[in-house]
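So the chains spell out like this:
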Amino acid sequence: MNKRPSSTNAFVRFNDAVGDQWSQISDRLLVSRGASRMLILVILSFAFFAALNPSVFLSPLNLQNIAVASPEVGVIAIAMMLAMLTGGIDLSLVAIANLSAITISTLYSAVAAGNPAAAEQLTPVLVLIGLVVGLLGGLFNGFLVSRVGITPILATLGTMQIYNGIAVAWTGGSTLYGSPEVLTAIGHATVAGVPMLFIIFLLTAGVIGVVVSRTPLGLRIQFQGANPVAARYSGINSRRVLMSTHVVAGLLGGLAGVLFIARNPTASADYGASYVLLVIVIAVLGGTNPAGGFGTVAGVVLATLTLQIVSSGFTAVRLSAYEYAMAQGVILILVMVADQVTWRRRRRPQTTPVDPVAVGT
Amino acid sequence: MSSPSSEDSPVAALQVRDVVKTYGGVAALQGVSLDLYPGEVHCLAGENGCGKSTLIKIISGAEKPDSGQIVVDDIVHHAMDTTAAIKSGIQVIYQDFSLFPNLTVAENIALTAAVAERKRLYSRRASRPAAQAIVDELGLDLDLDADVESLSVADKQLTAICRALVHEARVIIMDEPTTALTHTEVSRLFSLVERMRARGVALMFVSHKLDEVLAVSQRVTILRSGRHVLTADAADLDPASITRHMTGHDVDDARAVSVLPHDAPVVLEVEGLGLPGAFRDISFTLREGEILGVTGLLGSGRTEIAESLFGVLPAARGTVRVRGERVRLRSIDDAIAAGIGYVPEDRLSQGLFLEKSIADNMIAGSLDSHRTRWRTLDSSRVRQTIQQLFDRLRIKAPNVGASVRSLSGGNAQRVVIAKWLANRPRVLMLNGPTVGVDVGSKQEILDILRAEAAAGMSIMVISDDAPELVSSCHRVLVIRQGRLVHILEGQEIDVTTIQERMAA
Amino acid sequence: MNTSGSSVSVLRRLRGANNEGVLALILIGLVLAMSAANPAFFTLPTMFAIVRSSIVPLIFALGVLIVIISGGIDVSFAAIAVFAAYTTVRFSTSITDPGLIGAFALALLVGAGLGLVNGAVIARFKLPTLIVTLGTQGIFKGALLTYIGSRYIADLPGSMAAVSTTNVVEISVDGRDAYLHVMAVPALLLCLAVAWMLRRTMFGRGIYAIGGDQEAARRAGFRVVRIQVLMYVLVGMLAAVGGMAYQIMGRSSSPQELVGGELDIIAAVVLGGASIFGGRGSVLGTTLGVLVVQVIGNSLILAGVPSAWQRAAVGGLLIVGVGVQALAAKKSGRRVHTNVDDPAPEPEPEAEREREGARA
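Predicted model, so just to flag it, every value in this text is computed and none were measured.

Student: Quick question: what am I supposed to make of the overall build of chain A here?
Tutor: Tallying secondary structure elements over chain A gives 16 helices and four strands in all. Counting the 361 residues in chain A, one finds 53% classified as buried. Sequence separation of 24 or more characterises 80% of the internal contacts of chain A that already satisfy a separation of 6 or more.

Encoded structure:
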């Protein structure tokens, strides 16, 4: 009503607004601490190897190799992150991916034996079937975890053996040759020098990123992992959340299978056996809390790139794959230790003044 | 041990001298002292957050004091560690018992002693007689070969007591020992306490239940905000004086309740609600804008009634109507769909996502109502809702991005309330809305409830805090033995009446 | 009442704390079914073959069991095994053959050192065991291949090679020779030793206590950090023995083997009744679990099913076993999900009434 106070009010409001914006920015940085840390690591590792051996490391071929090798691992790592967000884990993802690739290859070969042209025509259908295989695998995982109530690590340990067993039995343990040429073409295609596979990877990451942080389902997944009891009391249906998570993870596994076969026109039951543990490393490195509730797609994408850069960087400076395996382990443990130390320091002063046991009686 | 007689025994079994402990600048204990004599039951009383738990942790060696001493047998300890405490004969029976669920009763009893003796080998057969002896001596009926996991709460506690005694404990501290017990179990515990006292054990009871405090103890020490208020003979105290010392002021009996319009429509109508083993035949109505108190002793069924209406413990019998329409409450989803919200009793484990931000916590219950056409979250509306509630409930935090762990009890509770307000329920039930909340914040939370009620929400406050009910409720339901025994209205609502009716 | 009570307790004992009885029944059932289907199955040579193929998995499973009882998961044991065994062979072939005892001592020393790394990181920083051992797995394997060697060694040093062809039992039945490899003896001894350690030493009980409730163990005076570190050292040594047994029985040494099969061993241990949440598990159950897995493998071959289905069968068995437990747990008080939010653990109506008079 009165003009003068309102003008000072406006100033106060403006001041508050600025302060608020600033704190929101700093918060966002803090919230995605995992992602920003990974960004620094990506840049550092890139700069490091570029400086050590620029002619090899910065060659277009090497950069393209990084971009072609990351997508399949990255997609599975994103799926792993989803499972970890709910406080679980999914060990069956690589087996699902292989099963999907094998299905595509087998069906293609079967059709191509009679009519090669028709087999090419059917490519979209085959891809779809590959994705459906992933979806079914995820559905069964979700059923075991959310309905039967088996701990995710055991449920997926079991299904990993089952899916892998089916794949081994189906292929007789041998490598299948035969895949739609269109897929192979896509696997080798580039858009403005960027491999198609990498673009697919980024698109997938973008979609899942939106799902995780910008949809009710994504937030429910995070809440379920952060505190299942509180989630239940907030009206979050844990069965539905766990089921959806595993289905989406399975779908991503199926997609990874398509990427496998696009990059390499073969399929076998034991392809990517080392990925099972590698993707856990990537997910954790990317800031995913294995206990659930926290993790970002951006962090996982950056972690995938970091490991790929370190891998090809090691090759560029003539270090072996063995040294790379070592570096991977060292990085993982250092990051976890660093997290643990800062985490403890951050929360220690605040934990005990309230009597936690006394609340609620 | 010398004589079992209590007060005149000159040698204290345990002395605590000027113990100070601060956590990150917050003083939890500010120079607390007390003596504990053999053959006495000493009650340590105080409100939540007064420092009881911290004191126990320091005596048991789980925490180190900033300064002060603990004296056992003329040996001065500046800080205990767990082993030293056990060696000195100090045993703590924690509220959660700290038993090993995967081991048998006999092993649970025997292991701690074996650890303290620094044994290297363990023999199931050799350790059994000791366990059997203590069980027999106390005249208990415990299956020594059962896994602790499979025991009832009372038997778990008995196991914990046996474990404490088998190692020649001279000081036993029991943290809220009666919380989960039925009446028979409580009297059995008390007779056990008498027997332990006769053996010359010094017992410390930590409790905030006044009736128990007076029934079992010889002396009482009261803490308030980390300070020692007084130590006195139990005979010289009564519930009212203890309350006064615990809270630091006289009981506030003032009412601040709006006048409900006569034609305020009925929102919730409960008829003949029953759940075997918890409550039966509960019928009441709740009107628009009304604040209804639901009170009763712990275990009276008051929490179960609320959880039934929220679909956590679906009722076996009875009907519930919301705005005249019959609703089935078989799950939490049902309850939320019917417009019922619930702020649970245990804020930390049931109400909050501690590491998540205030904003995330606020939106956790109303995600679907902030959706766009594309099934994504409408971030501008989300932000609007959050900022509005943050301002309206005057949550004291730098901003909505701060993690809930950093908040005080009162502010954390506002976040839980905000989560439900964002969902705009017709009926909001709050279980112990101000437990563990400081006095100032308590009034503000009650003001928030009054404002919401005035805006048309119907509110149920489940609480045993009589002054709080008096100051905020239009009517108060008294639950006893799982039955609705009184509905107090208007002038009937005062602290004494509520307390009498609850316990009668 | 009395008789039924005692019969219940007899049943309880037969069933075993971790369903060992059930597992034994499954094993016997499998053997009987296979014998009925194929007479070639129930013969000493087959039995000895199954035992032989169980030796290495069993030794690994013992280590995995100990870690699982303590509430952790170890996926680095295969890397430790191959590191210790290959290093020993490298040393023996290139420098000097220390003799059989010396070779084992060297392998044990290496295993203990690597286990110490695991234990120190896990106990000091309180990190999730799965993540830490994932990391150390990479480090150990990488370090082995980088610094020790990556070459396949076809000939073991003399002392070890001599053991490779030694059998403890050689019987000729119906014209077929049955051999029981000598490594079965240390495997058996290790089983007994670990079982004794877990049941009869305070260290062993401490491992159960930590797995049951780590905070309670600390409050009870167990030195949790020390127990954890020692335990990982011990597990590292077990892995080293497993690695040595693997090379001796395979009569060669390759740094590229073993790693990758960790999850199969973990599956066998879980199948053997160990709880992934810690606190439960027994050597007997684990042994049965390993045997069941091996028998299934053998049965499928004899039954004409491609051996490829073995993994699927083990996975299916794991799912069924754990699933039945999960459903049972759900039914009995929904303990799995609601131990926190069950407000009153099923109070009797009478007791409920009595609660009221608490002050009287």
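The discussion continues.
Student: How do you make sense of the overall build of chain B when you look at a structure like this?
Tutor: Scanning chain B for helices and strands turns up 17 helices and 20 strands. Taking 504 residues into account, the globule formula puts the C-alpha radius of gyration at 23 Å, and chain B, at 25 Å, falls close to it. In terms of overall dimensions, chain B has C-alpha extents of about 70 × 50 × 50 Å along its principal axes. When the 504 residues of chain B are sorted by exposure, 54% land in the buried category.

Student: Just checking my understanding: could you explain the environment of Val 310 of chain A for this structure?
Tutor: All names here are of chain A. Mapped onto the fold, Val 310 is located in helix H15 (residues 297-316). Assessed through the 22 C-beta atoms surrounding it within 10 Å, Val 310 is described here as buried. Here the alpha-carbon distance between Val 310 and Phe 143, two residues 167 residues apart in the chain, equals 38 Å. Setting aside its immediate chain neighbours within four residues, Val 310 contacts Ser 45, Tyr 324 and Ala 327.

Student: Would you mind going over unusual backbone geometry with me for this structure?
Tutor: Excluding glycine, residues mostly have negative phi values, and the peptide bonds linking residues are mostly trans. Residues and elements named next belong to chain B. In this structure, Phe 97 takes a positive phi of about 70 degrees despite not being glycine. If you trace the backbone, Phe 97 turns up in the loop between strand S6 (90-93) and helix H3 (105-116). On the basis of neighbour counts, which here come to 24 C-beta atoms within 10 Å, the residue Phe 97 falls in the buried class. In this structure, Ser 225 is a non-glycine residue whose phi angle is positive, near 50 degrees. In this structure, Ser 225 sits in the loop between strand S9 (219-224) and strand S10 (227-233).

Student: Could you clarify how one ought to interpret the nonpolar core in this entry?
Tutor: The nonpolar side chains of a soluble globular protein tend to be buried with one another. Core analysis: the biggest nonpolar cluster contains 378 residues, and Ile 76 and Val 279 of chain A, Met 429 of chain B together with Ala 81 of chain C have the highest contact counts within it. Tallying contributions element by element places helix H11 (residues 224-250) of chain C first for this core, with 15 residues. Mapped onto the domain boundaries, this core takes at least three residues apiece from domain 1 (1-82 + 202-250) and domain 2 (266-503) of chain B. Aside from chain neighbours lying at most four places away, what touches Val 279 of chain A is Val 73, Ile 76, Ala 77, Met 80 and Leu 93 of chain A.

Student: Even after reading the chapter, I still don't get the domain arrangement of chain B, so can you show me in this structure?
Tutor: Frequently, the measure chosen for interface size is the accessible area removed from exposure when the parts meet. Looking at the assigned domains, one finds that chain B contains domain 1 (1-82 + 202-250) and domain 2 (266-503). Each of domain 1 of chain B and domain 2 of chain B has a C-alpha centre, and these two points are 35 Å apart.

Student: Just to check I follow, could you spell out the pairing of S10 of chain B for this structure?
Tutor: Where a strand is regular, its side chains alternate between the two sheet faces. Residues and elements named next belong to chain B. Relative to S10, S9 is paired through six bridges, and the arrangement is antiparallel. Paired with Leu 223 across the strands is His 228, a residue of S10. Two successive antiparallel strands, S9 and S10, enclose a turn made up of two residues, where Ser 225 displays a positive phi of approximately 50 degrees.

Student: When you look at the interface of chain C and chain A in this model, what are you seeing that I'm missing?
Tutor: On the chain A side, the residues contacting the 44 residues of chain C number 42 residues. Of all the secondary-structure elements, those providing two or more residues to the side of chain C that touches chain A are helix H5 (99-125), helix H6 (129-148), helix H12 (262-271) and helix H14 (309-331) of chain C. Along the lines of polarity and charge, the residues of the side of chain C that touches chain A split into 28 nonpolar, eleven polar and five charged.

Student: Is there a simple way to think about the packing of helix H7 (residues 123-148) of chain A against helix H8 (residues 152-171) of chain A in this case?
Tutor: Two measures define how a pair of helices packs: the angle their axes make with one another and the distance between the axes. All names here are of chain A. H8 packs onto H7 with a crossing angle of 145 degrees between their chain directions and a minimal axis gap of 9 Å. In this structure, the crossing between H7 and H8 has a hand that is right-handed. Between H7, through Gly 137, Phe 140, Asn 141, Leu 144 and Val 145, and H8, the contact on the second element is made entirely by Pro 152, Ala 155, Thr 156, Thr 159 and Tyr 163. Across the contact of H7 with H8, the residue classes tally to six nonpolar, four polar and no charged.

Student: Can you walk me through the sheet that holds strand S11 (residues 266-275) of chain B in this structure?
Tutor: Pairing between the strands of a sheet is mediated by backbone hydrogen bonds and can be parallel or antiparallel. Residue and element names in this part refer to chain B. Pairing is antiparallel in the open sheet, where four strands are placed in the order S12-S11-S14-S15. Each edge of the sheet is formed by a strand with only one pairing partner; in this case those strands are strand S12 (279-287) and strand S15 (325-327). Going from strand to strand, the sheet's axes swing by 20 degrees on average, the running direction of each strand aside. Alignment of S11 against strand S14 (residues 317-322), held across five bridges, turns out to be antiparallel. Bridge assignment links Leu 268 to a residue of S14, and that residue is Val 322.

Student: Please clarify how helix H5 (residues 153-166) of chain B should be interpreted in this entry.
Tutor: Given 3.6 residues to a turn, an α-helix orients residues that are three or four positions apart in the same direction. Residue and element names in this part refer to chain B. Between its first and last C-alpha, H5 extends 20 Å over 14 residues, near the 20 Å set by a 1.5 Å rise per residue. The buried fraction of H5 is high, at eleven of 14 residues. Within H5, the full set of buried residues consists of Lys 156, Gln 157, Leu 158, Thr 159, Ala 160, Ile 161, Cys 162, Arg 163, Ala 164, Leu 165 and Val 166. After H5 finishes, the residue Glu 168 shows a positive phi value of roughly 50 degrees.

Student: Honestly, the environment of Ala 220 of chain C in this entry has me stumped. Any pointers?
Tutor: Relative to the helices and strands, Ala 220 of chain C is located in the loop between helix H10 (214-219) and H11. Residues Ala 220 of chain C and Ala 209 of chain C, spaced eleven residues apart in sequence, show a C-alpha to C-alpha distance of 9.4 Å. Once residues within four sequence positions are removed from consideration, Ala 220 of chain C is found in contact with Leu 111, Thr 112 and Val 115 of chain B together with Ala 209 of chain C.

The rules we used
- Residues numbered from 1 in each chain as written.
- Chains lettered and ligands numbered in written order.
- Predicted model: local features only at pLDDT ≥ 70, side-chain atom pairs only at ≥ 80, totals over all residues.
- Helix = DSSP H or I, 4+ residues; strand = E, 2+ residues; numbered from the N terminus.
- Buried ≥ 20, exposed ≤ 12 C-beta atoms within 10 Å, placed from the backbone.
- Contact = placed C-beta atoms within 7 Å.
- Rg over C-alpha atoms; globule rule 2.2 N^0.38 Å.
- Core = buried A, V, L, I, M, F, W, Y, C linked by C-beta atoms within 7 Å.
- Domains from an automatic or database assignment.
- Pairing = 2+ DSSP bridges.
- Nonpolar A, V, L, I, M, F, W, Y, C, P; charged D, E, K, R; others polar.
- Axes fitted to C-alpha atoms, helices over the stretch in contact; angles between N-to-C directions.
- Left-handed = near helix turned anticlockwise from the far one by under 90°.
- Expected span 1.5 Å × (residues − 1).

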